[in-house]
Structure formats: structure tokens, C-alpha cells
Amino acid sequence: ISFDAAWGADKTQGIIDILKEYNATATFFLVGFWIDKYPEMVKAIDEAGMEIGNHSLTHPDLTTVSQEKLKEEIASVNQQIEKITNKPVKVFRCPYGAYNNNVVNMTMQEGLLPVQWSVDSLDWKGISALDITTRIISNVKNGSIILCHNNADNILDALVMVLDKLTKEGYKVVSVGELVMFENYSIDRNGVQHQII
């Protein structure tokens, strides 16, 4: 499960508490201006054993910015996160899921693996907890990366239902970094990694 964090933080501790209750880990993709506003939440996420990923400095469509701006959007957030956590950042998610070869290449030059999602909760639309849960559960399979947002209206109630259902079905809920491969892999045209043996 992954949570994009760009606006607001009042549900973040609740998300952490629920994840811990279910023995689950998740990745929080943080935007630079969110980190500036909520450094104590960055520490809380890290101290809870969750993974922190880079979600750009200002949340632009990275396919429309200059090369210099692109590098700044990625590199500066790595520095922000590492300054707080003393840990290297490994994964990156493009704002709006918008990417091209240039964005992917720059992301990898900065030492990050670009990561999308395969299940979109649509939680940001203000849909009910039951609707969020149904969207996730009906689309999830082994290896899925679920997209949620840390400040979505009904995320706390939905997260309890999702984790309850997934754990009962035998899924182990892990961070993106625990799920993806960082070496010896190829990517097919659907964006799915395959191990090279």
C-alpha cells in the first residue's frame, strides 16, 4: 500500500497506527512542500518503520518542466528526506502519474526507482470508505501496488476494512521497496517487472 502526501496531515498518525495494528508496512510518497510543513510527521513515518519515497518538490507535471527544473524537483526532496531520516531514498512517484523517458532517466540518474501503481483507490474523490474498499479489494492481486492518499476523507475507515480483508485472504502488506526489484529485472510493456535469472 502506498500513500501520496501533498496536502494535509491530520490523518497520517491514524494511518500509521492502523498499519502497525495489522503488522503492515507502507510507503509514503512525500512532496517537498509537505515535508517543509510537517517535518514531525516525516519523523513519525520513519520511526514507525514505514518507507518514505520521493513525490517531487512542488507536485508539477514533470513531463512539462525543463531538464534543470526536473533535476531540482527530484534531487532536493531526496536531500530533505535524508536530512530528517538519515536514510537514503529508494523510490519515486511522479505527480499525476505523468512521466516520459526523460523523467524516468532523470529519476534513475538520481538513484531512484520510478514507481507507479496498479490499483487506484480513487480515495481523493471523497468516495465512501466502502467504495474505496470495494475498488481496492476487487482489483488487488499478488504484487499489486495500491494508490491511496494520506489525507483522503474516508481513508482511515477504508484502511481498516482493506487490511482486515487482505490479511484474512492471506496477503502480506508491505512497502513498495520490499515488493519491487532494484536489480536483475526487465520491465514489460505493461510496466511490470520480471526477474532476470
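An account of the accompanying structure is given in this report. (Residues numbered from 1 in each chain as written. Predicted model: local features only at pLDDT ≥ 70, side-chain atom pairs only at ≥ 80, totals over all residues. Heavy atoms only, no water.)

## Quick look at the nonpolar core
- Counting residues in each nonpolar core, the largest one holds 54 residues, and the members touching the most others are I1, F3, L19, F28, L30, W34 and L163.
- Counting residues per element, this core draws most heavily on helix α7 (residues 155-168), at six residues.
- Apart from the residues lying within four places of it in its own chain, the contact partners of L163 are I1, I18, L19, Y22, A24 and V173.
- Core analysis: the second largest hydrophobic core is formed by eight residues, V91, L113, I145 and V176 among them. (Core = buried A, V, L, I, M, F, W, Y, C linked by side-chain atoms within 4.5 Å. Buried < 20%, exposed > 50% of the residue type's maximum accessible area, 1.4 Å probe, protein only. Helix = DSSP H or I, 4+ residues; strand = E, 2+ residues; numbered from the N terminus. Contact = heavy atoms within 4.5 Å.)

## A short note on the side chain of D46
- Within the secondary structure layout, D46 lies in helix α3 (residues 39-47).
- Take D46: its relative accessible area is 13%, and that puts it in the buried class.
- Looking at D46, its side chain comes within polar contact range of the side chain of K87, at 2.7 Å.
- Contact partners of D46, with chain neighbours within four places excluded, come to I52, T85 and K87. (Polar contact = N/O pair within 3.5 Å; in protein donor to acceptor, adjacent residues only side chain to side chain.)

## Considerations on the pattern of salt bridges
- Per the stated rule, a full pass over the model turns up six salt bridges.
- One salt bridge connects R93 with D4, and the closest N-O pair in it is separated by 2.8 Å. Placement of the pair is R93 in the loop between β4 (91-92) and α5 (101-109) and D4 in strand β1 (residues 2-5), with a sequence separation of 89 residues.
- Classification of R93 by relative accessible area gives buried; the value is 0%. (Salt bridge = Lys/Arg side-chain N within 4 Å of Asp/Glu carboxyl O.)

## Some words on the pairing of strand β7 (residues 146-149)
- Here β7 shows two buried faces, one formed by I146 and C148 and the other by L147 and H149.
- Bridge count for β1 against β7 is three bridges, and the pairing is parallel. In the sheet register, D4 faces β7, and the bridge partner there is H149.
- As judged from the two bridges shared by strand β6 (residues 119-120) and β7, these two strands associate in the parallel manner. Within the sheet, the bridge partner assigned to D120 lies in β7 and is L147.
- Taken together, β6, helix α6 (residues 129-139) and β7 form a β-α-β motif whose crossover is right-handed. (Pairing = 2+ DSSP bridges. Right-handed = clockwise from strand over helix to strand, strands pointing away.)

## Observations concerning the packing of aromatic side chains
- Counted by the stated rule, this structure contains three aromatic pairs.
- Ring plane angle 20 degrees and centroid distance 5.1 Å describe the contact between F3 and F28, whose orientation is recorded as stacked. Separated by 25 residues along the polypeptide, F3 in strand β1 and F28 in strand β2 (residues 27-30) bring together distant segments of the chain. Summarising the burial analysis for this pair, F3 and F28 share the class buried.
- Ring geometry for W34 versus Y38: centroids 5.1 Å apart, planes at 50 degrees, classification tilted.
- Residue W34 is classed as buried on the basis of its relative accessible area, which comes to 0%.
- For Y38, a relative accessible area of 17% puts it in the buried group.
- In this structure, K90 packs its charged tip against the face of F182, placed 6.0 Å from the ring centre. (Phe/Tyr/Trp six-rings, centres within 6.5 Å; stacked < 30°, edge-to-face > 60°. Lys NZ or Arg CZ within 6 Å of the ring centre and 35° of its normal.)

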